[in-house]
Amino acid sequence: MMLLQDLRYALRQLRRAPGFALTVTLTLALSVGVATAVFCVIDTTILEPLPYAHPDRIVDVEAKSQSGYMQPASWPSFKDERAQATAFAALAAYARYHATLNTTSSGSLQLPDVFSTDNFFNVFGVRPLLGRTYLPGEEQDGRNDVAVLGYDTWQTYFHGDHGILNQTIQLDGRALAVIGVMPAGFRFPL
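Keep in mind that what you see is a predicted model, and the values were worked out from it rather than measured.

Thresholds applied
- Residues numbered from 1 in each chain as written.
- Predicted model: local features only at pLDDT ≥ 70, side-chain atom pairs only at ≥ 80, totals over all residues.
- Heavy atoms only, no water.
- Phe/Tyr/Trp six-rings, centres within 6.5 Å; stacked < 30°, edge-to-face > 60°.
- Buried < 20%, exposed > 50% of the residue type's maximum accessible area, 1.4 Å probe, protein only.
- Helix = DSSP H or I, 4+ residues; strand = E, 2+ residues; numbered from the N terminus.
- 1 Å grid on protein atoms, 1.4 Å probe; cavity = no way out; pocket = protein on both sides within 12 Å on 5 of 7 lines; lining within 4 Å.
- Points joined across faces, edges and corners; volume = space filled by probe spheres on them.
- Nonpolar A, V, L, I, M, F, W, Y, C, P; charged D, E, K, R; others polar.

**Thoughts on the packing of aromatic side chains**
Centre distance and the angle of the planes are the two values used to describe a pair of aromatic rings.
So, step 1. Counted under the stated rule, the structure contains 8 aromatic pairs.
So, step 2. Seen from their ring centres, Phe 120 and Phe 121 are 5.3 Å apart, and the 80° between their planes marks the pair as edge-to-face.
So, step 3. A relative accessible area of 8% places Phe 121 in the buried class.
So, step 4. With centroids separated by 5.7 Å and ring planes inclined at 80°, the aromatic side chains of Phe 124 and Phe 186 adopt a geometry described as edge-to-face. Here Phe 124 is found in helix H4 (residues 120–124), whereas its partner Phe 186 is found in the segment after strand E6 (174–181), with 62 residues between them in sequence.
So, step 5. By relative accessible area, which is 11% here, Phe 186 ends up buried.
So, step 6. Aromatic ring contacts, followed pair by pair, group Tyr 94, Phe 120, Phe 121, Phe 124, Tyr 134 and Phe 186 into a single cluster.

**Considerations on the layout of surface pockets**
So, step 1. Estimated volume of the largest pocket: approximately 1,400 Å³.
So, step 2. If you go around the largest pocket, you meet 44 residues; those closest to its centre are Asp 60, Val 61, Ala 92, Ala 93 and Tyr 94.
So, step 3. Mapped by element, the contributors of at least two residues to the lining of the largest pocket are helix H3 (75–84), strand E1 (94–103), strand E2 (107–116) and H4.
So, step 4. For the lining of the largest pocket, a count of residues per class yields 29 nonpolar, 8 polar and 7 charged.
So, step 5. Approximately 970 Å³ is the volume found for the second largest pocket.
So, step 6. Lining of the second largest pocket is provided by 39 residues; of these, Pro 112, Asp 113, Val 114, Val 148 and Gly 150 occupy positions nearest its centre.
So, step 7. Put simply, the parts of the chain that give the lining of the second largest pocket at least two residues each are E1, E2, H4, strand E4 (146–149), helix H5 (151–158), strand E5 (168–171) and E6.
So, step 8. Taken together, the residues of the lining of the second largest pocket break down into 23 nonpolar, 7 polar and 9 charged.

So yeah, pure geometry; function would need other evidence.
Below, the structure written as structure tokens:
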């Protein structure tokens, strides 16, 4: 009974000051939205396990200059590090950028892309949904004209076509043969 009286009183007060009521409502809505966004980020990055085999054994090594900027290793330096690494089961390299995918139906699209070494997918222990991942040596010029599609890209721009394997796509003006499609849920970078 007391709760009902308190609720009626609150509604009368809010009707008398509509500006205050609007401010309170917007503040609450904004607070709930921000809290939801923060929880989603925390859930994705901390609480939800990574979609890889043995994620606790994967390390992302970054070198920084004295001024604090990321300073990636040169290709010859990386090859030396990989040849001499004994503390890691595998050592792979990658570079993130945006690439232009030329499709006949949608025109040109900007997509996030990862250029990687041939053992990149071995580090994650995830098998492709279709086809295969890179073979040893496919990181070398002349043999690196192959691509592995992410599941979302395959679904969105190629309509989940199972005949995509061995088809040629145009990425940044280069003709690449699609050799595989990763399963749903595999994303890199997260």
